[in-house]
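Here is how the chains run, residue by residue.
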Amino acid sequence: MTEQPTPHPQAPGGLLHAAHGAAGQPLPAPQVPAAHAAPAGQERERAEGGGHARDSRDGGAPTAAEPVRPRADAAPAGGTSAPRAFNEETSAHPSEQERERAEGERLRFVGAATRRIARGIDLDEIVMGLCRASVPVFADAILVYLRDPLPVGDERPTGPLVLRLRRTDRIPDPGMLTGQYTLSGALLPATPLPDGSVRGAQTCEVEPGGALAEVLRGVRPLFGGSKAARAALPELLGADAVPPLAGVDGRRAILAPLRGRRRVIGAAVFLRAPERVPFAPDDLLVAAQLATHSALGVDKAVLYGREAYIADELQRMMLPETLPNATGVRLASRYLPAAETARVGGDWYDAIPLPGSRVALVVGDVMGHSMTSAAIMGQLRTTAQTLAGLDLPPTEVLHHLDEQAQRLGSDRMATCVYVVYDPVSHRITVANAGHPPPLLLHMDGRAEVLDVPPGAPIGVGGVDFESVELDAPSGATLLLYTDGLVESRLRDVWTGIEQLTEKLAETARLTGADHAPPLEALCDSVLDVLGPSDRDDDIALLAARFEGIAPQDVAFWFLDAEPRAVSRARRLAREALERWGLERHIDTVQLLVSEVVTNAIRYATRPVTLRLLRTDVLRVEVGDDVPQLPRVRNARTTDEGGRGLFLVKRLARRWDATRLGNGKVVWFELDA
């Protein structure tokens, strides 16, 4: 059994038994079990920028139930003492050579510490870098207070100046095992006790014109024993939590304001235990450097956080919030940004309902990962939605997207695949503009790459696009994706497509030949094809499970554009509803069909169409060759007409009119 270290006589139950003696001689290092020895990576980390043994976020401190980890620079059991801090001389009267060596160590420490702080990109990393660089090399404990809320950029903060304890870091001692963390016999702020209570202030409201406000306005670090600091520390830490600062000229603490580019954003308190050599005057310069770099880093982190939020919101608004509930098809999607540092990109996906219960599936990829790429993506997506609403063929949609990209600029390039699925005919029409080909997973588990013409990217100009029509059997799954899923620095596009095809087949085998894999689980499985460091681009993924509409659930007729077609339409609709067991809808459907067909034959020059679809709803469609869309009129009591669409609007669950390339379709829905 090893012998436990004895607390220093000047500070019973003190915070740091692994610190140095008052005369510069190191105290014996605490004995720790070999299982708690710090790994070699932590040793290198301490050597570069100062290590730490225990820290807590947001002012929290370790509880008694948590294990105590030894200092990375503490000697192993039975070894030598801990290393000397950079400002501890070996004698009471150091020579010129010793002073030069100490100055060199101080400069090396400042360089390593500022590099460590500068590596952080978010707020927690910046504050953690300051704490871990300071403890234990420069200080035995540190408290970091930041303004709450932190101002962003040039905005002027409103309300009182409130500082919140963001993080503390300290060297552990045996007192931590019982939850008593002390420095010279006083509890540090926000220290949890065994009973769960908290002593000390988590927040501090700076009084205008008070002592703390004057210190923060002065910017320069001060020794804790100075007159200004003695008055400011009780206001910052709380009157009951301030450690005794008498003795050795009050150089056991340094209060350093944190000033950003335009205003004070917080304060840091560096503390040393009585067992250690007090701070030297040159240490004020070190504290000033640490505070300055940390404050500028916090400013940078806050600005980065705002930009990241804007990027996230922009990307979220550019993509559909939800996918439509289309007839005869189930949809699922995924989007992954390229990396945390590139939150926006040019990848997008969309699903657009079309007339005749069809749906358009679109996936595109604009070149680049910048705000410009996202803005161009938004314009192309809006253009695609508008063109789809006109029910143009897929090749025409890509042609107009190509023209739009050229109007946006000569270097605006994008790829896109546009698919139209018809659940009645169980077929898809595909047009491609330089995009990776779609994949089709059959019910029997077979996955294939669809043979579609590759086409030229959008923005090239002067090229024709081709389309192909393919079968879309019920139960099959169509997968549209961007090249970020299949291409990286480690593999080319076709290698990635082969791996993706194998992944689809492997996933299908897990559910058996008679059951298609769940759509959401399939999307997650597809993303597993990516390696841990195999993402160089953002990813858009759209999966469509074809269910179709059975032939017995569809009724379709041509009607001559003559008055007697109205009575025939009523009779055909009644017979179809009786066949489907929907007799309760006969009266309503006959009334609405009569009104819509009457409007159609009044202006049509060719036969009109009547189609009834039974899915989870009953859908009735009437088509004609007149492109003008009807509108609801407010008929007067003396008018003989003008009430047809008013009745449709009042009695139907939903209704609308959609312009086609050769006319229009008026449709309405009722609960099945």
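About the criteria used
- Residues numbered from 1 in each chain as written.
- Predicted model: local features only at pLDDT ≥ 70, side-chain atom pairs only at ≥ 80, totals over all residues.
- Heavy atoms only, no water.
- Pairing = 2+ DSSP bridges.
- Helix = DSSP H or I, 4+ residues; strand = E, 2+ residues; numbered from the N terminus.
- Axes fitted to C-alpha atoms, helices over the stretch in contact; angles between N-to-C directions.
- Patch = residues over 30% accessible without salt bridge, like charges linked within 9 Å, V, L, I, M, F, W, Y side chains within 5 Å.
- Areas by Shrake-Rupley, 256 points an atom, 1.4 Å probe, with all protein chains shown as cover.
- Salt bridge = Lys/Arg side-chain N within 4 Å of Asp/Glu carboxyl O.
- pLDDT = per-residue confidence, 0-100.
- Contact = heavy atoms within 4.5 Å.
- Phe/Tyr/Trp six-rings, centres within 6.5 Å; stacked < 30°, edge-to-face > 60°.
- Buried < 20%, exposed > 50% of the residue type's maximum accessible area, 1.4 Å probe, protein only.
- Lys NZ or Arg CZ within 6 Å of the ring centre and 35° of its normal.

1. Remarks on the sheet that holds strand β21 (residues 539–546)
Sheets are built from strands that pair by backbone hydrogen bonding, the pairs being arranged parallel or antiparallel.
Stage number 1. With antiparallel pairing, the five strands of this open sheet are ordered in space as β12-β21-β20-β17-β18. Among the strands making up the open sheet, the edge pair consists of β12 (329–336) and β18 (447–449). Neighbour-to-neighbour, the strand axes of this sheet turn through a mean angle of 20 degrees, independent of strand direction.
Stage number 2. Pairing of β12 with β21, which is carried by eight bridges, proceeds in the antiparallel orientation. Residue L336 lies in a different strand from β21, and its bridge partner there is I539.

2. Observations regarding a nonpolar patch on the surface
Stage number 1. Among the surface-exposed residues, Y309, I310 and M371 lie close enough to one another that they form a single nonpolar patch of about 290 Å² accessible area.
Stage number 2. Assignment of secondary structure puts Y309 in helix α6 (residues 282–318).

3. What to know about the confidence of the model for the protein chain
Low-pLDDT portions of the prediction should not be read for the details of their coordinates.
Stage number 1. Averaged over every residue, the pLDDT of the protein chain is 77; the share at 70 or more is 76%.
Stage number 2. At the level of individual helices and strands, the protein chain shows its lowest average pLDDT in strand β7 (residues 198–199), which scores 33, and its highest in strand β20 (residues 477–481), which scores 96.
Stage number 3. A low-confidence stretch, residues 1–84 stays under pLDDT 50, and its non-local contacts, those more than four residues away or across chains, total 165 contacts.
Stage number 4. Taken as a whole, residues 174–200 scores under 50 in pLDDT and shows 76 contacts with residues more than four places along the chain or in a different chain.

4. Topic: the packing of aromatic side chains
In this description, an aromatic ring pair is defined by two values, namely the gap between the centres and the angle between the planes.
Stage number 1. Enumeration according to the criterion identifies five aromatic pairs in this entry.
Stage number 2. Consider the rings of F109 and F138, whose centres lie 6.0 Å apart with planes at 20 degrees: the pair is stacked. One end of the pair, F109, is in helix α2 (residues 96–119); the other, F138, is in the loop between α3 (123–134) and β2 (141–147), with 29 residues separating them in the sequence.
Stage number 3. Overall, the relative accessible area of 7% leaves F109 in the buried class.
Stage number 4. Aromatic side chains F556 and F558 sit 5.2 Å apart centroid to centroid with 85 degrees between the ring planes, which places their arrangement in the edge-to-face category.
Stage number 5. Here F556 falls in the partly exposed class, since its relative accessible area comes to 44%.
Stage number 6. Each residue in the set F109, F138, F270 and F279 is aromatic and connected to the rest through ring pairs, giving one cluster.
Stage number 7. Taking the ring centre of F138 as reference, the NZ or CZ of R272 above it sits at 5.8 Å.
Stage number 8. A cation sits over an aromatic face here: R619 above W667, 4.1 Å from the ring centre.

5. Points about the sheet that holds strand β14 (residues 359–366)
Stage number 1. The strand order across the open sheet formed by five strands is β13-β14-β15-β16-β19, and the pairing between neighbours is antiparallel. Two strands in the sheet have a free side with no partner beyond their single neighbour: β13 (347–353) and β19 (467–471). Direction aside, neighbouring strands of the sheet carry axes that sit 15 degrees apart on average.
Stage number 2. With respect to the sheet, helix α7 (residues 371–389) is in contact with β13, β14 and β15 (414–422), its orientation differing from that of β13 by roughly 15 degrees.

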